[in-house]
Amino acid sequence: MSRHVLFLITALFLNGVVNADTTITGEFNLTDHRGNQVNQESYQGKLRLVFFGYTQCPVVCPTTLLEVVQVIRQLGNDSLQVQPLFITIDPQNDSVENLATYVAAFHPSIVGLTGSAQQIADAAKAFKASYGFIKNEENPKVGDEVYHSAYLYLMDRSGQFIDLFGYSTKPEKIVDTIRQYL
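Residues numbered from 1 in each chain as written. Predicted model: local features only at pLDDT ≥ 70, side-chain atom pairs only at ≥ 80, totals over all residues. Heavy atoms only, no water.

Asker: Would you mind going over the packing of aromatic side chains in detail, with residue names and values included?
Answerer: Using the criterion set out here, one finds nine aromatic pairs in the structure. When the ring of Phe28 is compared with that of Tyr43, the centres are 6.4 Å apart and the planes differ by 35°; the resulting orientation is tilted. Placement of Phe28 in the loop between α1 (3-14) and β1 (29-32) and of Tyr43 in the loop between β2 (37-39) and β3 (47-53) is noted, with a sequence separation of 15 residues between them. Note on Tyr151 and Tyr153: the rings are 6.5 Å apart at their centroids and 75° apart in plane angle, and the pair reads as edge-to-face. The exposure class assigned to Tyr153 is buried, which follows from its relative accessible area of 1%. (Phe/Tyr/Trp six-rings, centres within 6.5 Å; stacked < 30°, edge-to-face > 60°. Helix = DSSP H or I, 4+ residues; strand = E, 2+ residues; numbered from the N terminus. Buried < 20%, exposed > 50% of the residue type's maximum accessible area, 1.4 Å probe, protein only.)

Below is the structure:
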């Protein structure tokens, strides 16, 4: 990830896109990587660990999902009470099939979610997640540069916001927080 993108993500946080007064509702209406229509109520009774990203992300997304896998492993049997959700910000390229392959490469309990561009925008708004695409005018063959917030959202069993973990938060810290709500 370029320093420019890291700066932009940090600036979004510092400029109030996400702050202590932000209401995170966690609402969504999307399609899971098995083709099922789901929403926040589909995961009632489980804590949710939610991340926004995309399958072609070179660093942040795979690193974060590997941290989620560590969290799952450290939780042991308690991980059955936690539903990890990966919501794509790139529905144009992240089809149901692509998401199924991607999340399966990390852990079978991770659910990939996609939808229309509007459904993704609505979900991101509900979580106060930010993302965007910057045209690469200098080298169009390389494609757009993508930026996105890099937070893991912890939601309670009814879908209410509990906590936010920044990029590269140690899995032990996430596990300690989750254990408070099991």
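Let's pick the thread back up.
Asker: Give a detailed account of the pattern of salt bridges, specifying residues and quantitative values.
Answerer: Here the structure, examined in full by the defined rule, presents one salt bridge. The shortest N-O distance in the salt bridge between Asp78 and Arg179 comes to 2.8 Å. Here Asp78 is found in the loop between α2 (60-75) and β4 (82-88), whereas its partner Arg179 is found in helix α5 (residues 171-179), with 101 residues between them in sequence. A relative accessible area of 37% places Arg179 in the partly exposed class. (Salt bridge = Lys/Arg side-chain N within 4 Å of Asp/Glu carboxyl O.)

Asker: Explain the pairing of β4 to me, and be specific about the residues and the numbers.
Answerer: Counting buried residues in β4 gives seven out of seven residues, a clear majority hidden from the surface. Neither face of β4 is left uncovered, since the one carrying Val82, Pro84, Phe86 and Thr88 and the one carrying Gln83, Leu85 and Ile87 both have all their residues buried. One ladder, built from seven bridges, connects β3 with β4; its direction is parallel. Counterpart to Gly53 in the pairing with β4 is Thr88. With α2 bridging β3 and the parallel β4, this β-α-β connection has right-handed handedness. For the handedness criterion, the β-α-β arrangement of β4, helix α3 (residues 96-104) and strand β5 (residues 111-114) is classed as right-handed. (Pairing = 2+ DSSP bridges. Right-handed = clockwise from strand over helix to strand, strands pointing away.)

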